[in-house]
Amino acid sequence: MNVTADKFIGGRVIVRQMESGFRSGLDAVMLAASIPAGPGQEVLELGAGAGAASLCLARRANCSVFGIEIDPELVILADENAAENDLSERVRFAAGDALHLPAELRRAFEHVMCNPPFHDEDGQTSPDAGRALALQDCGTLTDWLTGGMKRVVSNGTFTAILRADRMSEALTALGERGVTVFPLWPRAGEAAKRILIRAVKGSRAPFALLPGLVLHEAGSNYTRAANAILRDGHALEFQRA
């Protein structure tokens, strides 16, 4: 298989990923930056791909991450990426279906995260089978969200990055209590294309829509706030007022 070696968070993480098919990028870094994990905590990633989000999170937060990925070739690649980044002791991957977890992962974690397939039947199907599997939800988005919440401890968090126009479905699946939405605006004045949505298990706090983050200046350059996350590896401030 042909792979490329790509730098994440300013080269602090190097991820080898398939040259063709689904490739991790900004979404993975933003997802990893939004997880409020601390040293020693355990995080589960559903649909880990080549491991970009898991590795970025582990590098920043000094936590342990378990990734589940349905494509066995990507699992091999993810494990190799963990080793090459000297993170094998804290980041491990397993082959399996995120919607039907293996027995060893059917337990509670402090945090669960996912970048699930979130394109519905809207003509965006990719001709590449692997990319289509990673992107096309085929009606399973609710299953990804509710399944992820089942694996969270009381007062733990479930976080997903989604296409912005799927927010209403996500709120239907997760409810609104204890849920916070953080939009990612391409530029000031433009509609958000992505959102981060976080649910705190057992929380009765009212729904919160945060100001979010503007990714780009008027041109193609990232904003200072976006660069702090994408290049410098900072956490994303995902706090209610």
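Residues numbered from 1 in each chain as written. Predicted model: local features only at pLDDT ≥ 70, side-chain atom pairs only at ≥ 80, totals over all residues. Heavy atoms only, no water.

Trainee: Give me unusual backbone geometry: which residues, what numbers.
Mentor: Despite not being glycine, Ile 9 shows a phi value in the positive range, around 40 degrees. You can see Ile 9 is positioned in the loop between strand E1 (3-8) and strand E2 (13-18). We classify Ile 9 as buried; its relative accessible area is 5%. Of note in this structure, Asn 155 is not a glycine but carries a positive phi near 70 degrees. Following the sequence through the fold, Asn 155 ends up in strand E7 (residues 152-163). (Helix = DSSP H or I, 4+ residues; strand = E, 2+ residues; numbered from the N terminus. Buried < 20%, exposed > 50% of the residue type's maximum accessible area, 1.4 Å probe, protein only.)

Trainee: Tell me what's going on with helix H1 (residues 26-34), and back it up with residues and numbers.
Mentor: Among the nine residues of H1, eight are classified as buried, and the element is accordingly described as predominantly covered. Where H1 is concerned, the buried positions are Asp 27, Ala 28, Val 29, Met 30, Leu 31, Ala 32, Ala 33 and Ser 34.

Trainee: With reference to specific residues and values, describe empty space enclosed by the protein.
Mentor: Rolled over the atoms, a probe as big as a water molecule pinpoints where empty space is left. Tallying each qualifying case throughout the model produces two cavities of 30 Å³ or more. Its boundaries defined by the atoms lining it, the largest cavity holds a volume of some 60 Å³. If you trace the largest cavity, you find it lined by Ile 9, Val 29, Ala 32, Ala 33, Cys 56, Leu 57, Arg 60, Ile 229, Gly 233 and His 234. Looking at the lining of the largest cavity, the elements that each hand over two or more residues are H1 and helix H2 (52-61). Residues belonging to the lining of the largest cavity are distributed by class as follows: seven nonpolar, two polar and one charged. Each pocket or cavity is described by its volume, and for the second largest cavity that value is around 40 Å³. Lining the second largest cavity, in full, are Gln 17, Phe 22, Ser 24, Gly 49, Ala 50 and Leu 74. (1 Å grid on protein atoms, 1.4 Å probe; cavity = no way out; pocket = protein on both sides within 12 Å on 5 of 7 lines; lining within 4 Å. Points joined across faces, edges and corners; volume = space filled by probe spheres on them. Nonpolar A, V, L, I, M, F, W, Y, C, P; charged D, E, K, R; others polar.)

Trainee: How would you explain the pairing of strand E8 (residues 179-187) if you had to name every residue and give the values?
Mentor: Burial analysis of E8 places seven of its nine residues in the buried class, the great majority of the element. Two strands pair when backbone bridges link them, and E8 and strand E9 (residues 194-200) are joined in this way by six bridges, in the antiparallel orientation. Counted as the bridge partner of Leu 184 is Arg 194 from E9. Of the strand pairs in this sheet, E8 and strand E10 (residues 208-209) are connected by two bridges, and their pairing is parallel. Its bridge partner lying in E10, Val 181 is registered against Leu 209. Examined bridge by bridge, E8 and strand E11 (residues 213-216) share three bridges and lie parallel to one another. Looking at E11, one finds that Leu 184 is bridged to Leu 213. (Pairing = 2+ DSSP bridges.)

Trainee: Describe the packing of aromatic side chains, listing the residues and the values that go with them.
Mentor: Across all of its chains, the model carries two aromatic pairs by this definition. A ring pair is formed by Phe 182 and Phe 238, whose centres lie 5.4 Å apart and whose planes are at 25 degrees; its orientation type is stacked. One end of the pair, Phe 182, is in strand E8; the other, Phe 238, is in the segment after helix H7 (224-230), and 56 residues separate them in sequence. An identical accessibility class is assigned to Phe 182 and Phe 238; each is buried. It is Arg 107 that lies over the ring of Phe 66; its NZ or CZ is 5.3 Å from the centre. Just above the ring of Phe 238 sits the side chain of Arg 198; from NZ or CZ to the centre is 4.2 Å. (Phe/Tyr/Trp six-rings, centres within 6.5 Å; stacked < 30°, edge-to-face > 60°. Lys NZ or Arg CZ within 6 Å of the ring centre and 35° of its normal.)

Trainee: I'd like a rundown of the pairing of E2, residues and numbers included.
Mentor: For a regular strand, the rule is simple: side chains alternate between the two faces of the sheet. For E1 and E2, the ladder comprises six bridges, and the chain directions are antiparallel. Across the sheet, residue Ala 5 finds its bridge partner in E2, namely Arg 16. Hairpin connection between E1 and E2: a loop of four residues separates the two successive antiparallel strands, and Ile 9 in this loop has a positive phi of roughly 40 degrees.

Trainee: Talk me through the pattern of salt bridges; I want residue IDs and the actual numbers.
Mentor: Per the stated rule, a full pass over the model turns up six salt bridges. Of the charged contacts, one joins Arg 194 and Asp 27 as a salt bridge, the two residues approaching to 2.9 Å between their closest N and O atoms. Highlighted residues: Arg 194 in strand E9 and Asp 27 in helix H1, separated in sequence by 167 residues. Taking relative accessible area as the criterion, Arg 194 reaches 22% and is therefore assigned partly exposed. (Salt bridge = Lys/Arg side-chain N within 4 Å of Asp/Glu carboxyl O.)

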